[in-house]
Amino acid sequence: MVSIQHITRYWHTLRYLRPVQLYGRVWFRLFHPKIDLRPAPPRRIIDTGQWVLPARRSASLVGAERFCFLNETRELSSHGWDDASLEKLWRYNLHYFDDLNAQDAATRSDWHNALLLRWVRENPPAVGSGWEPYPTSLRIVNWIKWALRNNELPPECIESLAVQVRWLAPRLEIHLLGNHLFANAKALVFAGLFFDGPEAAKWLEKGMRILAREVPEQILVDGGQFERSTMYHALALEDMLDLCYITTVFNSAIPAHWQATMTDWRACIESMYNWLAAMCHPDGEISLFNDAAIGIAPTPTELGRYARDLKLITSEHTLEGVTHLAQSGYVRVAQTEMVALLDVAPIGPDYLPGHAHADTLSFELSVFGERVLVNSGTSCYGLSAERLRQRETAAHNTVVVDDENSSEVWAGFRVARRARPIGLEIVRERGVKVVCSHNGYHRLPGQPVHTRKWQFGSASLVIEDCVSGRFCHAEARFHLHPSVTLEVLDDGTTGRLCLANGHKLTWQVKMGELVIEETTYHPCFGISKLSHCLVLRLRDGSSCIQFDWT
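Calculation criteria
- Residues numbered from 1 in each chain as written.
- Predicted model: local features only at pLDDT ≥ 70, side-chain atom pairs only at ≥ 80, totals over all residues.
- Heavy atoms only, no water.
- Pairing = 2+ DSSP bridges.
- Helix = DSSP H or I, 4+ residues; strand = E, 2+ residues; numbered from the N terminus.
- Axes fitted to C-alpha atoms, helices over the stretch in contact; angles between N-to-C directions.
- Phe/Tyr/Trp six-rings, centres within 6.5 Å; stacked < 30°, edge-to-face > 60°.
- Buried < 20%, exposed > 50% of the residue type's maximum accessible area, 1.4 Å probe, protein only.
- Lys NZ or Arg CZ within 6 Å of the ring centre and 35° of its normal.
- Expected span 1.5 Å × (residues − 1).
- Polar contact = N/O pair within 3.5 Å; in protein donor to acceptor, adjacent residues only side chain to side chain.
- Contact = heavy atoms within 4.5 Å.
- Salt bridge = Lys/Arg side-chain N within 4 Å of Asp/Glu carboxyl O.

1. Details of the sheet that holds strand S22 (residues 542–549)
Then, in step 1: A sheet is described by the order of its strands in space; here 8 strands give the open sequence S12-S13-S14-S15-S22-S19-S18-S17, paired in antiparallel fashion. This sheet does not close on itself; its edge strands, each paired only once, are strand S12 (421–427) and strand S17 (485–488). Between one strand axis and the next, the sheet turns through 15° on average, direction left out of account.
Then, in step 2: Relative to strand S15 (residues 460–468), strand S14 (residues 449–456) is paired through 8 bridges, and the arrangement is antiparallel. Pairing of Lys453 across the sheet is with Glu464, part of S15.

Here is the structure:
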C-alpha cells in the first residue's frame, strides 16, 4: 500500500514541475517519429579560417576497441554497443565519441575512422540507448567538430549524420529541460550550419529559437549555470564556447535576426569563465558541490585556453578577498594561504533539481595549496543506495538534524521539500564573517532552523553552528581530504592535520562532542577513497570548531 509519507513526497516533488515536464513525458513515451533515410543535404562551405582546437578531454579510446569511461575500462568486442549489464552512463559515453576531439586525437585517426564506420553498421536508426536524444546530440556535435578539423567523415557517416538529426529534431527532451534540452538545441545549430539548404535552415532556426530562450535562463547574471554544479557549469561553458565559434565560422549563414543573440552569447563568456575560476581550488580543479566530479568536463585550464584562442576572454581577474556570486549563491573567501568556498545557495532551479545534493551551508577549504575539507563528491548515477548516500546531507560539510536530510533527496535525481538559504550576511571587518541560515529542517515537528557562522582571521577559521527549535540530536560534519593525516591529542578536543606537502593545521573543539568516523571521498566517477570525518555533536543546540595555520 502507498503510505501518506510516499504521497507527500511525490506531491512535494511534482508540485514544482512545469506542465511541459508532465505532458512532455507522456508525449516522449508515445510519439516516435518515422525514420527518414533521404540523402543528406549538401555540406556548407566554411566562411573563414580553420577550426580552432576545441577544449580537449583526456583520451578515452585506449586501444583500437578498448574504452575507458568513468574509470572503468571495457572492450567493445566483449560488450558491443549496448550491453545492458553495464551502467547506462558508461554506455552513453560509448556513443558520445568524445575521443574524436580529445588529447592527441590525431594519433588515433585510424581507430576513429574504423569506429565511425562500425557505429553506422552496428547501430541501425532508432535502436538502442545510443539513439536516445542526449547521446545523439553529443555525437552529432563531436562528429561535426572532428570533420571541421580537416578530417574526412566517410560518406556513410555523412548520410547517418543527417538521419540522426532528422530523428532528433522532433524528439527533443522537453520533459527534462535543462542541460539535456540545451544539448539538443546545440546539436541542431551545429547540424544546421554544417549542412546547407532548406532542411538545414529549419534545423538552425529551431536550435536558435530554443537557445535564445534557454541561455538567459540557464546562465545567471553572475555567470553561473543555474543547476549550481561546478561540473555542469564547465560543460555549459564548453557548449557556449563551441556555439560562439561555429556561429563565427559560418557567420554568413546566420540570419540577421539572430546576430544580436550571438553577440549576447559572446558577452557572457567572460563572466562564465570568472565564475568557474572562483569555484576552483588552488590545485586548478573544480570544487564538489551538488553533482560534481573531476574528469567529466574539460579542465578549467583547457577551457581557459579555448576561450583565449577564441579571443573571448582577455585577462585574468584577481580572486583575493571575498567574491560573492550573488545570483548563484556561493561565496569565495581567499587569503594568502587559504581558499574557502561556501554554499549559501538554493539547491538549484525548483523545476529541475535532479543534480542537487542536500548540501546547503556546506563548504570546502584549501590551505597551503592543498584541499583540506571536502564534500564527498559523486562517483555514480542511477538508483543505487550509494548514489543516494552521496547526495545526503551527511556526505557534506554541514549539519545533520535528527538523521534527516536538509533537502529531501530521493531516488536517483529527485527532490521533494528543499532547503532555502535565508538571512545571508557578509561582514568585512576584523577579518571576514559570513552568516547564513536555512529552513530545510523546518518541516520536522520541532521546526528547527540551522544557522552557521564562518569567521575568518588572518590565519584561522572558526565555524559556529546553531540549531534553534526542538530536535533530538544534531551533528556538524567536516570531511577531510584523503591526503590529510589526522592526529588527535590526548584530551580528544584538539589535534593536528598534516598535509601531503608537509604543512600542518591545528584544530580545537570549542563547543560540542567530537567523534571521528571513517568515510569515503569520490572526486571522480568510479573512484572511492577512504577518508576521515570530524563529527561534532551539538551541545545545547550549538557547536564550534577552530582551525589554525601558520
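2. Quick word on the packing of aromatic side chains
The relation between two aromatic rings is expressed through the spacing of the ring centres and the mutual angle of the planes.
Then, in step 1: The tally for this structure, following the rule as stated, stands at 21 aromatic pairs.
Then, in step 2: Ring centres 5.1 Å apart and planes at 70° place the aromatic pair Tyr10 and Trp410 in the edge-to-face group. Note that Tyr10 is positioned in helix H1 (residues 4–14) and Trp410 in strand S10 (residues 409–410), a separation of 400 residues in sequence.
Then, in step 3: With a relative accessible area of 10%, Trp410 lands in the buried category.
Then, in step 4: Where Phe194 meets Phe195, the ring centres are 5.1 Å apart and the plane angle is 80°; that geometry is what we call edge-to-face.
Then, in step 5: Phe194 gets classed as buried once you look at its relative accessible area, which sits at 1%.
Then, in step 6: Pairwise contacts between aromatic rings join Trp81, Phe97, Trp119, Trp131 and Trp143 into one cluster.
Then, in step 7: In this arrangement the basic side chain of Arg9 is found over the ring face of Trp410, its NZ or CZ atom lying 4.3 Å from the centre.
Then, in step 8: Its guanidinium or amino end placed over the ring of Tyr16, Arg15 lies 4.7 Å from that ring's centre, counting from NZ or CZ.

3. With respect to helix H10 (residues 230–249)
Then, in step 1: For H10, which comprises 20 residues, the first-to-last C-alpha distance of 29 Å matches the rise-based estimate of 28 Å (1.5 Å per residue) to within 8%.
Then, in step 2: In terms of burial, H10 is largely enclosed, as 19 of its 20 residues are buried.
Then, in step 3: Residue Ser229 occupies the N-cap position of H10, its side-chain oxygen lying 3.3 Å from the main-chain nitrogen of Met231.

4. Observations concerning the side chain of Arg118
Then, in step 1: You can see Arg118 is positioned in helix H5 (residues 109–122).
Then, in step 2: Engagement of the side chain of Arg118 in a polar contact is seen with the side chain of Glu65, the distance being 2.6 Å.
Then, in step 3: If we ignore the near neighbours within four places in the chain, the residues touching Arg118 are Glu65, Leu76, Ser77 and Trp81.

5. Digging into the pattern of salt bridges
Then, in step 1: Per the counting criterion, the structure on display carries 36 salt bridges.
Then, in step 2: Linking Lys88 and Glu132 is a salt bridge whose minimum nitrogen-to-oxygen distance equals 2.9 Å. In this pair, Lys88 is assigned in helix H4 (residues 88–96) and Glu132 in the loop between H5 and helix H6 (133–147), connecting sequence segments 44 residues apart.
Then, in step 3: According to the relative accessible area criterion, Lys88 is partly exposed, its value standing at 38%.
Then, in step 4: In this structure, Glu386 engages Arg389 in a salt bridge whose closest nitrogen and oxygen atoms are separated by 2.9 Å.

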